[in-house]
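Reading the structure
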Amino acid sequence: MVVGDVTTSTDVLIIGAGPGGYVAAIRAAQLDLDVTLVEKGEYGGACLNRGCIPSKALLNGSELATEAGQAEELGIYADPTVALDEMISWKDGLVDQLTSGIEQLCTAAGVNLMKGTAEFAHENKIRIVHQGEGQGSESLKFDHCIIATGSRPIEVPGFDFDDDRIVSSDGALNFETVPDELVIVGAGYIGMELATVYSRLGSDVSVIEMLEQALPSYQEDIASIVRRRAERLGVDFYFGYTADSWAESEGEAVLTAVPTDEAAHDSEIELTADKILVAVGRRPVTETLGIEAVGVETDAQGFIPTDSRCRTNKEHIFAVGDVAGEPMLAHKGSKEGEVAAEVIAGEPAAVDYRALPAAVFTDPEIGTVGLTEDEAANEGITPVTGEFQFQASGRALTANRTEGFVRIVAAKETERVIGAQIVGPEASELIAEIAVMIEMGAKLQDIGSTVHVHPTLSEAVMEAAQNARGKAIHRQN
Amino acid sequence: MVREFELPDVGEGVAEGELLRWRVEPGDSVSEDQPVAEVETDKAVVDVPSPVNGVVEELRAAEGELVPVGDVIIVFQVDGEDEPDGTEPTPADDATADSGHQTDDEAPTQPAEDTQSEPAVTQRVQVAAPPSVRRLARELGVDISNIADSSLGRITESDVRAHANTDSYSSTQEQSNQQTAAAERQKQQAPSTQSVSSVQARETADRETTVAVPKTRHVAAEEGIDLDTVPTDERKDGEPFVTLEAVQEYAKAQQQAQKNDKEAVAERAAADESARPESRTPYNGIRQTIGAAMTESKSTAPHVTHQDEVDVTALVDARSTLRQAAEEHDIRLTYMPFVMKACAAALQENPQVNVSLDEANEEIVEKQYYNIGVATATDAGLLVPVVEDVDAKGLLEVASETNEKTQRARERSLSPEEMRGGTFTISNIGGIGGEYGTPIINQPESAILALGEIKKKPRVVEADGEETIEPRHVMTLSLSFDHRVLDGADAARFTNSVQKYLRNPNLLLLE
């Protein structure tokens, strides 16, 4: 049965119910706008269904198993066995709980929810094609539109995702059994997080990276701590190699990698694998939208450029989250979603954060915010830094997790905090304090003079700030 | 180059306007004639167009501020021309960064080498202001990077408010403190908080941090003085610094002020006893203009109101027939265009009503054109859009123009010109309800007609020599006229003419 194309209208149309889109929808509804949120798949976007949440569930599950099995030092003798299918279904339960929570939040806020694929008909009208053959479509007029279609994994030539041998991060979060041999292409944060999960669960993990470093976008002294820990978990790294091709041979896949720079490595390598995870980055999703038809511009990578109020080159069309460009972080998308909704409601909102915190949930974790020492220098600020090693933290010792450090970067002249890098236990939580400090325009002394609870990891933040002023107590300055 | 733009005379020689809303913000590109602000004069809300192509550098007035005509409200950065004073242009890629640097030049407290060693982009992390303060700055239309003085200290809410309240961006600490104090004073109008007179006695500051030696802190504690409230011009390590003398002087002034306050509060307390809840709104803008015009009219022209009724049963029929035809042209046909046409015809028959009194020259001016104003109730108050040459326009044309202008009056997008030049005004009080009224003449016109509600009433109808009582549609007419130039007989004759056309709208076909 073909349902007729009926046109209705809405103040604000939001395309995509990920962390950018659903936050925009709720905020817009709170501001008394008539809001319609269109989603073709699951509520919560990549973050809830294929990213942040499922990966953290598996990281936590795998960590628990590893820790329990490696605590002989503490007098604990255990040999946990992991039923991956049960861990995955526990994870799926969490995801279901969160996605239905989002649906409820949206409904309670008064957001109209629609299922289907959106496609611009003209500047103020969108066609929504319902899923499934012959389900028809409908059209919706809108005054403002927020594009929040997100991103999807990039494919490497010759390695098309087939959900069997070659998987993206989506597939790697849903393996039925732990692969004996897992080859990961790309040592960025997604590759490194999943290398952590599956090496802990007993896979023989190999990581191929074009560049000569794991986590190439992070500072070497931070990345090397994570790499060394991964190596201790049994991960083999092949730096300076590019995945070239693969073939099926005797019941397994054989991947051939060639040197990125022939001067550095003389020959190609072959790796056998049950699964090959390609994690070389993500690209924006715009192709089904028909944005060219309404004249919304994209850049060379396909991202939609926006201004500080999240407006595209079209006054009434906004873009937020991954589709609006790097960094592709859920919390960046949510912030932009709020701003876009408030701007549409006529409020003087703008994306004006001084620093965007980010975390990598490897073992140990990485948390960063603001500028590094080098970035500060490049911006013309003379930096001063302070560090504190977790080795000297009582709490880190009692947690038996002493790798890593806290580093705080400040402007030398004003002593204002402008950045921090943390690698170590709970780095993803510790970074929040420094993000607040940067936003508030705090000085080193403001952190250093704030009393921190003993014994906690957060003392390391205080000590690092004091170290930058030559006043740390528990280390030589 | 920088181009300063003054609030232009937006119509009728008004002296000032309230800046209702900015349509641009610093960093926005604008093209010539693009509206940059909405300004409410005492006549209407008008768009202020940009005089140039360029980039908005600075907004010099806050939304809600009353700006005199001729004051600089906005500064543009315009390409193409050299700096007139020969200073070196700032090498910056984008206009936002550029504007950050322009103000550095005006900041005497910042050491010169600072401005040179810091590329504009460092503003991102170097301007120290918490998110709530940055948001406030946007709400008040203040470019936070312009608050240059505080670049070494943290920019506070008070700094932003002070900046929004001043139209000059000079930035010595002394002025900043005074502005802060002024902003505080406005905030503290309520009698229960810090009293007015204490502030009058001595300026008060409100800083986030203050540097002082221990002895000073000790004395301040003894006197119960918050160091952050003590005014000072001195700085130490980039932070405000307060001396012992300043604290002692401030303490003395505070004591005197408190004494004065007690007396003042005691006086006011008696008055507050019988207080009932009430709210106050400013009497300004359109409301104030209406008030002034009504007072002027009623006190200069001796008003007389002539009242009568008219059987409009035929008009009701005619309108219901024509309404559908009008709808085919997408025009909503009300009774108002019929009455306007009837009045135009009646004015032609009674030219002595279509006059104004030129007191200066001691002459009565008879208009040979028929521009009819339609009094329109809006949220802001009564506005009177004028439809010109009603006699020469067809019914549909009059209807369409009247609909469009009254609609725009409600949206407050009428220009002052569109409310000028009327020769006669109609006020439709009946739309809301009521029979007779005593309208006030919209000077310099000499008469105004108020229409009552059209109601069915029993009336004696004579047909074929037989008199019967029938339900008829009846409308009331109240014509106020200026007895200086018109007499009762003129008014009665004019009203009779209007009645003739309304009773028999077919006569309008002959017009």
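From a predicted model like this one, the values you see are computed outputs, not experimental measurements.

Parameters at a glance
Residues numbered from 1 in each chain as written. Chains lettered and ligands numbered in written order. Predicted model: local features only at pLDDT ≥ 70, side-chain atom pairs only at ≥ 80, totals over all residues. Helix = DSSP H or I, 4+ residues; strand = E, 2+ residues; numbered from the N terminus. Buried ≥ 20, exposed ≤ 12 C-beta atoms within 10 Å, placed from the backbone. Contact = placed C-beta atoms within 7 Å. Axes fitted to C-alpha atoms, helices over the stretch in contact; angles between N-to-C directions. Left-handed = near helix turned anticlockwise from the far one by under 90°. Pairing = 2+ DSSP bridges. Expected span 1.5 Å × (residues − 1). Arc of directions from axis to C-beta. pLDDT = per-residue confidence, 0-100.

1. As for the overall build of chain B
- Scanning chain B from terminus to terminus reveals 14 helices and 20 strands.
- Buried positions account for 35% of the 511 residues belonging to chain B.
- Restricting the contact set of chain B to residue pairs at least 6 apart, pairs at least 24 apart contribute 64%.

2. Some thoughts on the overall build of chain A
- On a plain count of helices and strands, chain A comes out with 14 helices and 22 strands.
- Of all 477 residues assigned to chain A, the portion counted as buried reaches 47%.
- Considering only contacts within chain A whose residues lie at least 6 apart along the sequence, 64% involve residues at least 24 apart.

3. Quick word on unusual backbone geometry
- At the junction of A:H454 and A:P455, the peptide bond is cis and its omega measures out at -5° in the coordinates.
- Cis geometry is found at the peptide bond from B:Q443 to B:P444, where omega equals 10°.
- Mapped onto the fold, B:P444 is located in the loop between β17 (424-427) and β18 (447-451).
- In this structure, B:E362 is a non-glycine residue whose phi angle is positive, near 55°.
- Mapped onto the secondary structure, B:E362 falls in the loop between β12 (355-358) and β13 (363-366).
- We note that B:R412 has phi near 60°; this positive angle belongs to a residue other than glycine.
- By the element assignment, B:R412 lies in the loop between α13 (395-411) and β17.

4. Observations regarding the packing of helix α3 (residues 52-69) of chain A against helix α6 (residues 189-200) of chain A
All names here are of chain A.
- Between α3 and α6, the least distance of the axes is 9 Å, while the angle of their chain directions is 35°. Read as a crossing pair, α3 and α6 show a hand that is left-handed. In this structure, α3 contributes S55, L58, L59, S62, E63, A65 and T66 to the contact, and α6 contributes E193, T196, V197 and R200.

5. Let's talk about the pairing of strand β20 (residues 466-482) of chain B
All names here are of chain B.
- Examined bridge by bridge, strand β11 (residues 303-311) and β20 share nine bridges and lie antiparallel to one another. Across the sheet, residue V304 finds its bridge partner in β20, namely F481.
- Sheet topology note: the β18/β20 ladder contains five bridges and is antiparallel. Following the sheet pairing, I448 is matched in β20 by S480.

6. Things to note about α3(A)
- Between its first and last C-alpha, α3(A) extends 26 Å over 18 residues, near the 26 Å set by a 1.5 Å rise per residue.
- Among all positions of α3(A), only A:I53, A:P54, A:S55, A:A57, A:L58, A:G61 and A:S62 are buried.

7. With respect to the sheet that holds strand β13 (residues 252-259) of chain A
All names here are of chain A.
- Here three strands make up an open sheet; going across it, the order is β12-β13-β14 and the pairing antiparallel. Among the strands making up the open sheet, the edge pair consists of β12 (241-249) and β14 (269-273). Going from strand to strand, the sheet's axes swing by 25° on average, the running direction of each strand aside.
- Pairing of β13 with β14, which is carried by five bridges, proceeds in the antiparallel orientation. Across the sheet, A253 pairs through a bridge with A273, a residue of β14.

8. Some words on the pairing of strand β21 (residues 405-411) of chain A
Residues and elements named next belong to chain A.
- Burial analysis of β21 places seven of its seven residues in the buried class, which makes it a mostly covered element.
- The alternating pattern of β21 places F405, R407, V409 and A411 and V406, I408 and A410 on opposite faces, both of which are buried.
- Sheet analysis places strand β20 (residues 383-389) next to β21, joined by seven bridges and oriented antiparallel. From the neighbouring strand, V384 faces β21, where its bridge partner is A410.
- Sheet analysis places β21 next to strand β22 (residues 417-424), joined by six bridges and oriented antiparallel. When the bridges of β22 are listed, V409 appears paired with G419.
- With antiparallel pairing between neighbouring strands as the criterion, β21 and β22 make up a hairpin whose turn holds five residues, including E415 at a positive phi of roughly 60°.

9. Brief notes about helix α14 (residues 488-503) of chain B
Residue and element names in this part refer to chain B.
- Under the 1.5 Å per step criterion, the end-to-end length of α14 is 22 Å for 16 residues, consistent within 8% with the ideal 22 Å.
- Taken residue by residue, α14 has A491, F494, T495, V498, Y501 and L502 as its buried positions. Buried residues in α14, looked at end-on, bunch into an arc of 120°, giving them a common side.
- Residues of α14 that are buried sit in contact with β11, α11 (313-328), α12 (336-349) and β20.

10. Quick look at the environment of A:I126
Residue and element names in this part refer to chain A.
- Following the sequence through the fold, I126 ends up in strand β5 (residues 125-129).
- Overall, I126 belongs to the buried group, with 24 C-beta atoms counted inside 10 Å.
- With near-sequence residues (within four places) excluded, I126 lies in contact with L13, A118, E119, F120, A121, S139, L140 and F142.

11. Quick look at the sheet that holds strand β10 (residues 204-209) of chain A
Residue and element names in this part refer to chain A.
- The five strands are arranged β8-β15-β9-β10-β11 in an open sheet whose pairing can be described as parallel. Among the strands making up the open sheet, the edge pair consists of β8 (166-167) and β11 (236-239).
- Sheet contacts for α6: β9 (181-185), β10 and β15 (275-278); angle to β10, the most-contacted strand, approximately 165°.

12. Topic: the confidence of the model for chain B
Residue and element names in this part refer to chain B.
- Of all residues in chain B, 77% have pLDDT values of 70 or greater, and the mean over the chain is 77.
- Confidence drops under pLDDT 50 across residues 81-125; counting only partners more than four residues distant or on other chains, this segment forms 67 contacts.
- Counting contacts from residues 167-202, a segment whose pLDDT is below 50, to residues more than four positions away or on other chains yields 67 contacts.
- Overall fold confidence for the complex sits at a pTM of 0.56, while the interface term, ipTM, reaches 0.75.

13. Regarding the environment of A:T402
Residue and element names in this part refer to chain A.
- Here T402 lies in the loop between α11 (394-398) and β21.
- Put simply, T402 and Q391 are 11 residues apart on the chain and 4.7 Å apart in space, counted from C-alpha to C-alpha.
- T402 has contacts with F390, Q391, A396 and L397, leaving out every residue within four places of it along the chain.

14. Details of the environment of A:P19
All names here are of chain A.
- Within the secondary structure, P19 sits in the loop between β1 (7-15) and α1 (21-30).
- Residues P19 and G150 lie 131 residues apart in sequence; the distance between their C-alpha atoms is 9.2 Å.
- Once you skip the residues sitting within four places of it in the chain, P19 turns out to touch G45, C47, G321, A330, G333 and S334.

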